[in-house]
Amino acid sequence: MSESIVKNATRLWTPTGFSEDEWSHAESADALSGNGRFILPLQVFLDLDPAVRRSAKERLGVLLQPGDQLEKIADLLEISLVALAFPAFSDGRSFSKGELLRSRYRFEGAVRATGQVLVDQLPHMLRLGFDEFEVANPVLLKRLEEGRTGGLPLSYQPTVKPEAKGPRYSWRRVRAG
């Protein structure tokens, strides 16, 4: 295995439960010469030859940091996965990117949260269209193992996933399920 590939020390969780992660984070395009599915940093992804990007689209993902511009990949979303980084719990720019991927760009592949995925953020991430989570936080891991995703039953802002309207207030929504 190439030294440019970094295997996750976290657990992958989806709304159907924990699963084996078939993706590896790679720091260079050299990883694509091997077998497997790889998440590349934005600049490495953009530097790929377009023919390579097209031929590897089923096993190619891109990682966007909070400061990276989503528009840089807007025309390249035939890939299977977009990973959005949450390097600090106080940086919420990747929330907006997740919602925009689903609503504006109609991205149908996997949207993955990586980094500081915390207990109180998970329900909102699910509502915004995230469907994969690299989880390392021990409190969140324990809750997910117990089958508890948490969250409040009411929300005030609309999101990508439609919800039933609450009683008497058009702006109050009751969380589905």
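Above this note sits the structure.
Residues numbered from 1 in each chain as written. Predicted model: local features only at pLDDT ≥ 70, side-chain atom pairs only at ≥ 80, totals over all residues. Heavy atoms only, no water.

Description of the environment of L141
At step 1: Here L141 shows up in helix α5 (residues 138-145).
At step 2: Distance in space between the C-alpha atoms of L141 and L12 is 9.9 Å, their sequence separation being 129 residues.
At step 3: Every residue in contact with L141, bar those within four places of it in the chain, is listed here: R11, F18, V135 and A136. (Helix = DSSP H or I, 4+ residues; strand = E, 2+ residues; numbered from the N terminus. Contact = heavy atoms within 4.5 Å.)

Details of the nonpolar core
Nonpolar side chains tend to gather and get buried jointly when the protein is soluble and globular.
At step 1: Counting residues in hydrophobic clusters, the biggest one holds 38 residues, and the most contacted among them are F45, I73, V82, F130 and F133.
At step 2: Considering every element that reaches this core, the biggest residue donor is helix α4 (residues 122-128), with four residues.
At step 3: Beyond its immediate stretch of four places on either side in the chain, V82 contacts V62, L64, I73, L77, L101, F107, A110, V111 and R112.
At step 4: Membership of the second largest hydrophobic core comes to seven residues, among which are I39, L63, A85 and A110. (Core = buried A, V, L, I, M, F, W, Y, C linked by side-chain atoms within 4.5 Å. Buried < 20%, exposed > 50% of the residue type's maximum accessible area, 1.4 Å probe, protein only.)

Quick notes on the side chain of E134
At step 1: With respect to the helices and strands, the residue E134 is situated in strand β9 (residues 132-135).
At step 2: On the basis of relative accessible area, E134 is assigned to the buried category, the value being 4%.
At step 3: Separated by 2.6 Å, the side chains of E134 and T114 make a polar contact. (Polar contact = N/O pair within 3.5 Å; in protein donor to acceptor, adjacent residues only side chain to side chain.)

A short note on α5
At step 1: For α5, the complete set of buried residues consists of L140, L141 and L144. Buried residues of α5, seen end-on, are gathered within an arc of 100° and therefore sit on one face of the element. Turned more than 90 degrees from where α5 packs its buried face, P138, K142 and E145 sit exposed.
At step 2: Turning to α5, the residues buried within the fold contact β2 (11-14), β3 (17-19), α4 and β9.
At step 3: The distance from a side-chain oxygen at the start of α5 to the backbone nitrogen of V139 is 3.0 Å, and the residue carrying that oxygen is N137.
At step 4: Looking at the residues trailing α5, positive phi occurs at G147, about 80°. (Arc of directions from axis to C-beta.)

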